[in-house]
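The lines below spell out each chain.
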Amino acid sequence: MKKEDTTKGNRYGMVIDLDKCTGCGVCLIACASENNIPVMYDESDKTRNITWLQIYMVTNGKEFPETEVIYIPRPCMQCDNPPCVPVCPATATDKDPTSGIISQIYTRCIGCRYCMAACPYHARVFNWFDPWFPEGMDRYLSPEVSPRMRGVVEKCSFCHHRLMRAKAKANVEGRRDLKEDEYIPACVEACPTKAITFGDLNNPKHKISELIKSPHAFRLLERLNTEPKVYYISTKNWVRRMADNYLSGEFKDRS
Amino acid sequence: MEFNRRNFIKFAVGGTGGILLSPLPWKLIDDIAIWTQNWSWVPVPVRGKFSYLNSVCTLCPGACGIQVRKVGSRAVKIEGRGDYPVNQGGICPLGMAGLQILYNEGIRWKAPMKRVGPRGSQEWKEIPWDEAIDELATRIKGLREKGSPEKLAAIDGNQSRSTMALLIKRLLSSIGSPNYMVMPREEDTYDMVNFLMQGSRGPIAFDLENADFIVSFGCSLFDGWGAPGRMLSASREWVKNKTYLVQIDPRTSNTASKADLWLAPFPGTEAALALGMAHVIIKEKLYSKEFIENHTFGFADWFEEDGVKHKGFSRIVLEKYSPQVVENITGIKGRVIIEVARKFASAHAPIALAGRGKGTLPGSLYEFMAVHALNALKGRVNKKGGPLIADDIPLAQWSDPEYDPVAMDGLKKARVDLAKTPRYPFSRSLVNKFTETINNSHGSPIDTLMLFSANPAFTIPDSQSFIKAMAKIPFIVSFSPFMDETSLMADLILPDHTHLEKMADIVWPTGIQYPLYALSQPVVKPIYRTEHSGDVIISLAKRIGGPVSGSFQWANFEEALKERVKGLYDSGREKVSWADIKENGYWSIPAHSFEGGSDIFQTPSKRFEFFSTEIELAIKAYSKGKSFDDALLDLGISSKGDEVYMPHYEEIKSGADKKEYPLLLFPMELINLASGWIGNPPYLNKTLFDHQLKRDDLFVEVNPKTASQYRLKEGSKAIIRSPKGELRVRIHLFHGAMPDVIFIPFGLGHTAYDKYLKGKGVNPNEIIDQVEDPLSGQPVWWNTRVKLIRI
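What counts, and at which threshold
- Residues numbered from 1 in each chain as written.
- Chains lettered and ligands numbered in written order.
- Predicted model: local features only at pLDDT ≥ 70, side-chain atom pairs only at ≥ 80, totals over all residues.
- Heavy atoms only, no water.
- Phe/Tyr/Trp six-rings, centres within 6.5 Å; stacked < 30°, edge-to-face > 60°.
- Helix = DSSP H or I, 4+ residues; strand = E, 2+ residues; numbered from the N terminus.
- Buried < 20%, exposed > 50% of the residue type's maximum accessible area, 1.4 Å probe, protein only.
- Pairing = 2+ DSSP bridges.
- Axes fitted to C-alpha atoms, helices over the stretch in contact; angles between N-to-C directions.
- Contact = heavy atoms within 4.5 Å.
- Core = buried A, V, L, I, M, F, W, Y, C linked by side-chain atoms within 4.5 Å.
- 1 Å grid on protein atoms, 1.4 Å probe; cavity = no way out; pocket = protein on both sides within 12 Å on 5 of 7 lines; lining within 4 Å.
- Points joined across faces, edges and corners; volume = space filled by probe spheres on them.
- Nonpolar A, V, L, I, M, F, W, Y, C, P; charged D, E, K, R; others polar.
- Domains from an automatic or database assignment.

### Structural notes on the packing of aromatic side chains
Residues and elements named next belong to chain B.
In step 1: Overall, the coordinates contain 37 aromatic pairs over all chains when judged by the stated rule.
In step 2: With a centroid separation of 5.2 Å and an interplanar angle of 10°, the aromatic rings of F213 and Y244 are classed as stacked. Within this pair, whereas F213 is found in strand β9 (residues 213–219), its partner Y244 is found in strand β10 (residues 244–248), the two being separated by 31 residues in sequence.
In step 3: Assessed through its relative accessible area of 22%, Y244 is described here as partly exposed.

As structure tokens, then:
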């Protein structure tokens, strides 16, 4: 397979500093309210409920009082080599070459869920039911994002409508390029500890390009070569070791 | 035709081929495809013009700035306001999910309601506003005519200095009732500490952004303590400035995980730990000599004028709280205590914070004093990076209310909750004692109870007792916008607007280090037939008539608020007008004034008091006519001598037998689970893990060692039994939980609200076996002895 040139165009990515993240859940709620995500009676059914950005809680497994807990917010990794794209029989999901964002076209999706099986990050969710908002709550739905129907797969879009909004504004002002903070997803904007940094990985002037050079930066399941554009930072060794299936002695201590 | 194998195959093949050639299968497949796409309901969001409105979130006294995105007349998204000083763009999960409170039809009262069936039957009749206010006015007039206005009581959940709270208080006093109560909160304990040690009333502010060493004695700094938006913003400053954080917590909370050092003393022994640190600081002479000598009272031994010798704080601490002794009490190694104390003492700007959880419930008075004593030892009071004595916010005072003879007589009567009486001299309000008095009396000393912004039937520790007391009160009026547990037991509902539909203010948000007045404005027009409770009170007062009406000279709530706010721009300290404040959403002086040396302390000695003269006076007054030892016993104080007037460690007693109830139930508060009077919105349910809530089962955190003693595995079902009752839960094994302690979250187990909340989990308040905190009388809610039963 011909390797795609990822140095051209924008490559939007994220760096999440797990040392700063307190697991408060604001990113998840900002995401849900920005993207018209429905709610179920039983949100504890994690195989059926809808969340684009999931938060995982992990502990270092040590006994009291040595225990440590960290939280890993997990949006779609927007991989440069997305495993979900080639498996889609309906071409409902694709990588946008100008932004690097993996799109999902709901009306094209046939609900076969191959992409869900292919995604190693469990970033995709399936609508088992019609979207449901408790009585009266359809009044806060945003017209920027269409609610999804039953039987389709959906996932984090890096708030693509915000990119469209920013581009439209830039066009009106006669600019071609966006400023660094002109386009940021809702979760990044909402994070009260500013643990998430967003920017263009192809732009060396963006803060994110500097951050990913940190020896403490890593990605989830890096060795699958999916090339995620979501990076994490943690100064804790046990956290970085947990991010991939290392053989014993293979993990390199970078502290 | 003969039926044989050959013919059968011919028939089958022919039949299959025939059906395939017919349009039938293709038509059916097509039909199925169309049928499955007959989506029953996919909403189409209405388009409209985008606009942004600034306001303030008044769901808690943190008062974060919010920006609301609107499409047409609908609010579609809440975001944190970046240009607002408190939260600087950050906002907590509950604030973010605010629209689910506004627009959730299933949880809101849509009009004034009158109960028609028996109490609790949920048979209601919608009535016009006029009729509803008239009914309450007639009842209050009746009480006043009978000469017993004190039979009216109010429980208020509004921030204590807000215009709404002042208005309710004013209503009660002009009618003639002393029974104005506030929901118990941590602020009460801080208010007492401030009064007893520093001589001023009101909460204490904390300059956490400028501190470089923070010891938090149980405050869940990242789990909703203080103003959550501000605390989460502060955490980035701490990462940047390499601020050292010591978290004291019996469980690996989020804050404990983020801290540089986590200490887990046995719950309730925090005071001993603080005094152990004080011991090291005093012994090694690491305290601030300048502050101790010039600005404190009671540090060294002293003689009274009549020659009586008193032991100083330093001597008592040196005698009683050596690291070895404290190790035995707290379980923290003596060398760790020494190390932390030395680090604290050598830091440039250290600060010690007392508290427990989110700070929505009160703490122990002596414990808070012990922790605050650490700040005084280092002379940090009112210094940059230290605990601050709040500057004055120049709000204008309303003229005094008018009192007629009925009101004057009523106000002289004792409070039903016994607060501010010789027995509980320092507490402003004690809802737990209110409950007890009603339950212990033959009829009810209260005829009409009004509830504002509070849901005590759910949030009060030992809620079952409160519910029992409610059943005895003849008439209950709820001003809640929500169909919560308390309002479902009321007789009359006068629903308020929600926070996004009304103007409200918060005077100095919790713990903020500079003076700030926050003002919210309506973001959307009221969507149901609700009325601003402030307006309702004014109109109620007018209908009661006489001097009550004269005390409420304003046409509506906004006018009353405006009169107070006028003081801000009249003060001339910041050049602003009403329009500016309304548009900005706040008035603030950017920095605290660190002026005023010793005159900041308003105690009888005009110094910071390690030995509290006020406690001495109060105990003297209380012990009149009885023996001193009996008086102490009554007040719940077990120590003797001069220690009684100083910060010291009191073992919190429990009525339950330790053998029968070997475990401790420790309720915890999570930032992503609303546990106050606001019900948890559905979006917050999304953030709960399935080891916290699974279907309707709530999980409690238990250390694997403790669980194995009871042969409990991950997910096992169990019963937690306390002397007050029992709860059915499931077990989550968590290494971060202290052995022999069961950690249970507050906020679930609703019996009201809609099906997204009702019946999910259990409410620990139901089985909390509260005891009284010595001296303050506030409920101790974290010391319930329980047993665990496998089922």
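### Some points on the sheet that holds strand β1 (residues 50–56) of chain B
In step 1: Taken in spatial order, the three strands line up as β1-β2-β3 (chain B) in an open sheet, and their pairing is antiparallel. Each edge of the sheet is formed by a strand with only one pairing partner; in this case those strands are β1 and β3 (74–80) of chain B. Strand after strand, the sheet turns through a mean of 30° between neighbouring axes, direction not considered.
In step 2: Both strand β2 (residues 65–71) of chain B and β3 of chain B contribute to a ladder of six bridges, which runs antiparallel. When the sheet's bridge partners are listed, Q67 of chain B is paired in β3 of chain B with E79 of chain B.
In step 3: Where helix α1 (residues 26–34) of chain A meets the sheet, it contacts β2 and β3 of chain B, and its direction lies at approximately 155° from that of β3 of chain B.

### A few points about the nonpolar core
Residues and elements named next belong to chain B.
In step 1: Core analysis: the largest hydrophobic core is formed by 263 residues, its most contacted members being F217, L221, L374, L377 and F434.
In step 2: When neighbours within four sequence positions are excluded, F434 is seen to be in contact with A153, I155, M181, V416, D417, I446, L449, F466 and I473.
In step 3: In this structure, Y180, V507, W578 and I589 belong to the second largest nonpolar core, which totals 64 residues.

### What to know about unusual backbone geometry
In step 1: Here F64 of chain A and P65 of chain A are connected by a cis peptide whose omega angle stands at -5°.
In step 2: Along the chain, the position of P65 of chain A falls in the loop between β2 (54–59) and β3 (69–74).
In step 3: In this model, N382 of chain B sits at a positive phi of 60°, which is unusual for a non-glycine residue.
In step 4: Topologically, N382 of chain B is positioned in the loop between α15 (365–377) and β16 (387–388).
In step 5: One non-glycine residue, D462 of chain B, lies in the positive phi region at around 60°.
In step 6: Mapping D462 of chain B onto the fold places it in the loop between α18 (456–459) and α19 (463–472).

### A closer look at the layout of surface pockets
Residues and elements named next belong to chain B.
In step 1: Of the voids in this model, the largest pocket is the one considered here, and its volume is about 1,100 Å³.
In step 2: Every residue lining the largest pocket is counted, 39 residues in all, and those nearest its centre are S160, R161, L166, K169 and R564.
In step 3: Within the residue set of the lining of the largest pocket, elements represented by two or more residues are α6 (163–175), β7 (180–182) and α7 (186–198).
In step 4: Class assignment of the residues belonging to the lining of the largest pocket gives a composition of 17 nonpolar, nine polar and 13 charged.
In step 5: What the second largest pocket holds in volume is close to 920 Å³.
In step 6: Broken down by secondary-structure element, the contributors of at least two residues to the lining of the second largest pocket are α9 (254–258), β11 (261–263) and α13 (323–330).
In step 7: A total of three residues in the lining of the second largest pocket trace back to one element, the largest contributor, which is β11.
In step 8: Here the lining of the second largest pocket is composed, by residue class, of 22 nonpolar, 10 polar and nine charged.
In step 9: The two domains that each donate at least three residues to the lining of the second largest pocket are domain 3 (205–388) and domain 4 (663–790).

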